[in-house]
Amino acid sequence: MELKCKVQTYDWGKYGIDSTVATLMKSANSDFILDEKKPYAELWMGTHPNGPSYIKDLNISLEKYIKQNSHVLGNDVQKIFGHQLPFLFKVLSVNKALSIQAHPNKEKAKELHQQYPTIYKDANHKPEIAIALTPFEALCGFRPIREIQEFLKILPELRAVIGVDKVLKFMTTDEADNTKALKTCFHSLMTCDPGLIALQLRKLLDRLSNLDESLRQTLHASLVERLYSDFPGDVGCFGIYFFNFIMMQPGEAIYLGPNVPHAYLSGDCIECMACSDNVVRAGLTSKLKDVPTLIEMLSYICEPISAKRFQPSREDECTEVFRPPVKDFAVAKITIPPGRASYNIIPRNTASILIIINGKGEISPSKILYRGSVIFIPANDKIGIKVLCGCHPMLMFQAFVNV
């Protein structure tokens with residue numbers, strides 16, 4: 001069943017034809033009018049009330065169809081999640097940074113929803129995975145302690161906003177107490193007077209502009225300058241010296257579990273998450289910042305970039321699957337190589353959503369799938385695809401429930 005999906009035009013999205021979200025929509029929907037002056041940020045595939053998908057041929061929402069035909073979810077899904085699809089599947093096109101943020105675990109989500117229901121509007125957790133479609137930049141988790149300490153040594157502006165006494169304690173503390181000292185430093189940074197933050201950022205930018213290229217690269221000068229141009233005076237510009245900066249190539253992934261600080265910076269990706277809106281923000285945003293909650297809930301685990309890359313497992317010659325340690329979702333990446341005429345998609349015991357990223361194919365009965373086509377597949381359905389343009393790889397992603 002082909003779906004008509006919702007596009008979100010947030011201000012951080014890529015504009016017009018530069019957006020993968022926009023070009024996918026235009027390719028698969030003849031009535032879609034692409035506006036070069038609009039930022040096309042996200043394509044939503046699922047049942048979330050803020051952007052529900054509709055079944056094209058039936059002209060009803062996917063949520064309504066599932067409620068009327070709950071067997072399509074699969075028995076295991078119904079036992080665990082009831083009569084609902086537990087994930088939201090997306091394509092993102094990021095032009096400028098999304099906020100520095102983290103998502104609460106289920107216990108914290110319930111607590112926040114009870115205390116602040118207008119801000120945290122549901123009681124669910126929001127783990128998520130991002131799989132790069134283009135070179136994709138992100139901040140993800142705290143850097144190794146030694147890297148943070150090195151930045152503190154060579155950046156007087158960073159020391160000034162944290163406080164010399166707290167920096168000194170962090171630099172000299174025993175390894176066993178590093179986490180507590182890191183939390184103190186990060187708290188001091190995030191609660192620093194905005195005027196002092198703005199002053200020290202201007203000082204840092206002035207100094208970076210006069211450094212040689214080697215040191216500029218070490219200090220991520222071009223990234224600081226780019227973030228500052230989008231969010232002048234924002235404390236999040238200093239966040240890059242605490243968090244891992246990761247550049248993913250197409251097909252590479254990161255998994256963001258509860259309480260992991262992160263921010264997407266640029267590029268296009270596939271994203272899948274538990275169905276929730278719970279986001280705790282603290283920087284690089286004009287939206288509400290909830291610094292006390294973020295400081296309290298963050299995981300202060302310091303790991304290298306290599307530990308943040310999430311590896312798939314191979315299922316057959318065309319399919320590899322990313323299975324995070326949650327039941328809400330998994331994502332299969334399906335690549336049909338040039339010259340191959342057809343492929344049978346691996347049947348799933350749960351409902352799934354499939355999107356065509358590259359290529360053109362036919363599924364029975366005589367249904368043509370184009371770049372950007374999105375289909376809903378009931379549990380245990382067997383789908384065969386006949387490749388109609390075999391000179392390039394056909395690329396698809398399929399989200400399903402991880403049970």
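Quick notes on the rules
Residues numbered from 1 in each chain as written. Predicted model: local features only at pLDDT ≥ 70, side-chain atom pairs only at ≥ 80, totals over all residues. Heavy atoms only, no water. UniProt positions renumbered as here; feature names shortened; annotations may be inferred. Domains from an automatic or database assignment. Contact = heavy atoms within 4.5 Å. Buried area = accessible area lost by both parts, 1.4 Å probe. Salt bridge = Lys/Arg side-chain N within 4 Å of Asp/Glu carboxyl O. Polar contact = N/O pair within 3.5 Å; in protein donor to acceptor, adjacent residues only side chain to side chain. Helix = DSSP H or I, 4+ residues; strand = E, 2+ residues; numbered from the N terminus. Nonpolar A, V, L, I, M, F, W, Y, C, P; charged D, E, K, R; others polar. Axes fitted to C-alpha atoms, helices over the stretch in contact; angles between N-to-C directions. Parallel < 35°, antiparallel > 145°, perpendicular 65-115°, else oblique. Left-handed = near helix turned anticlockwise from the far one by under 90°. Phe/Tyr/Trp six-rings, centres within 6.5 Å; stacked < 30°, edge-to-face > 60°. Buried < 20%, exposed > 50% of the residue type's maximum accessible area, 1.4 Å probe, protein only. Core = buried A, V, L, I, M, F, W, Y, C linked by side-chain atoms within 4.5 Å.

If you look the protein up in an unreviewed UniProt entry, it shows as Mannose-6-phosphate isomerase from Apis mellifera. Database annotation for the protein, UniProt heading Sequence similarities (unreviewed entry): "Belongs to the mannose-6-phosphate isomerase type 1 family." Turning to the protein, the UniProt annotation filed under Pathway (unreviewed entry) states: "Nucleotide-sugar biosynthesis; GDP-alpha-D-mannose biosynthesis; alpha-D-mannose 1-phosphate from D-fructose 6-phosphate: step 1/2."

Digging into the domain arrangement of the protein
Per the domain assignment, the segments of the protein are domain 1 (2-140 + 247-288), domain 2 (145-240) and domain 3 (313-400). Once you take the C-alpha centre of each, domain 1 and domain 2 turn out to be 31 Å apart. On the side of domain 2, 12 residues touch domain 1, which itself brings 11 residues to the contact. Across the domain 1 to domain 2 interface the summed buried area is about 880 Å²; carbon plus sulfur atoms make up 70%. Here domain 1 is connected to domain 2 by one salt bridge. Where glutamate 137 meets arginine 226, a salt bridge forms, and the shortest distance between an N and an O atom there is 2.9 Å. Applying the counting criterion to the domain 1 and domain 2 interface returns two residue pairs in polar contact (both at pLDDT 80 or more). When contributions to the side of domain 1 that touches domain 2 are tallied by element, the ones reaching two or more residues are strand 11 (136-142), strand 14 (262-274) and strand 15 (280-283). Each residue belonging to the side of domain 1 that touches domain 2 can be placed in one class, and the counts come to six nonpolar, three polar and two charged.

A few points about the packing of helix 7 (residues 164-172) against helix 8 (residues 178-190)
Axis separation between helix 7 and helix 8 bottoms out at 9 Å; the angle between their running directions is 155°. Judged by the inter-axis angle, helix 7 sits roughly antiparallel to helix 8. As for how helix 7 packs across helix 8, the hand of that crossing is left-handed. For the pair helix 7 and helix 8, the contacting residues are Lys166, Val167 and Phe170 in the first and Asn178, Ala181, Leu182, Thr184, Cys185 and Ser188 in the second. Taken together, the residues of the contact of helix 7 with helix 8 break down into five nonpolar, three polar and one charged.

Remarks on the packing of aromatic side chains
Summed over all chains, the structure comprises 10 aromatic pairs. For the ring pair phenylalanine 142 and phenylalanine 243, a centre distance of 5.1 Å and an interplane angle of 55° mean the geometry is tilted. With phenylalanine 142 in strand 11 and phenylalanine 243 in strand 12 (residues 243-248), this residue pair connects regions lying 101 residues apart in the sequence. When sorted by exposure, phenylalanine 142 lands in the same class as phenylalanine 243, which is buried.

With respect to the nonpolar core
Among the nonpolar cores identified, the biggest contains 55 residues, and Leu158, Ile162, Phe186, Leu189, Phe238, Tyr241 and Phe242 are the most heavily contacted of them. In terms of residue count, the dominant contributor to this core is helix 8 (six residues). Residue contributions to this core reach at least three from each of two domains, namely domain 1 (2-140 + 247-288) and domain 2 (145-240). Setting aside residues up to four positions removed in sequence, isoleucine 162 forms contacts with Leu152, Val167, Cys185, Ser188, Leu189 and Phe242. Counting residues in hydrophobic clusters, the runner-up holds 47 residues, among them Leu34, Ile55, Val91 and Ile357.

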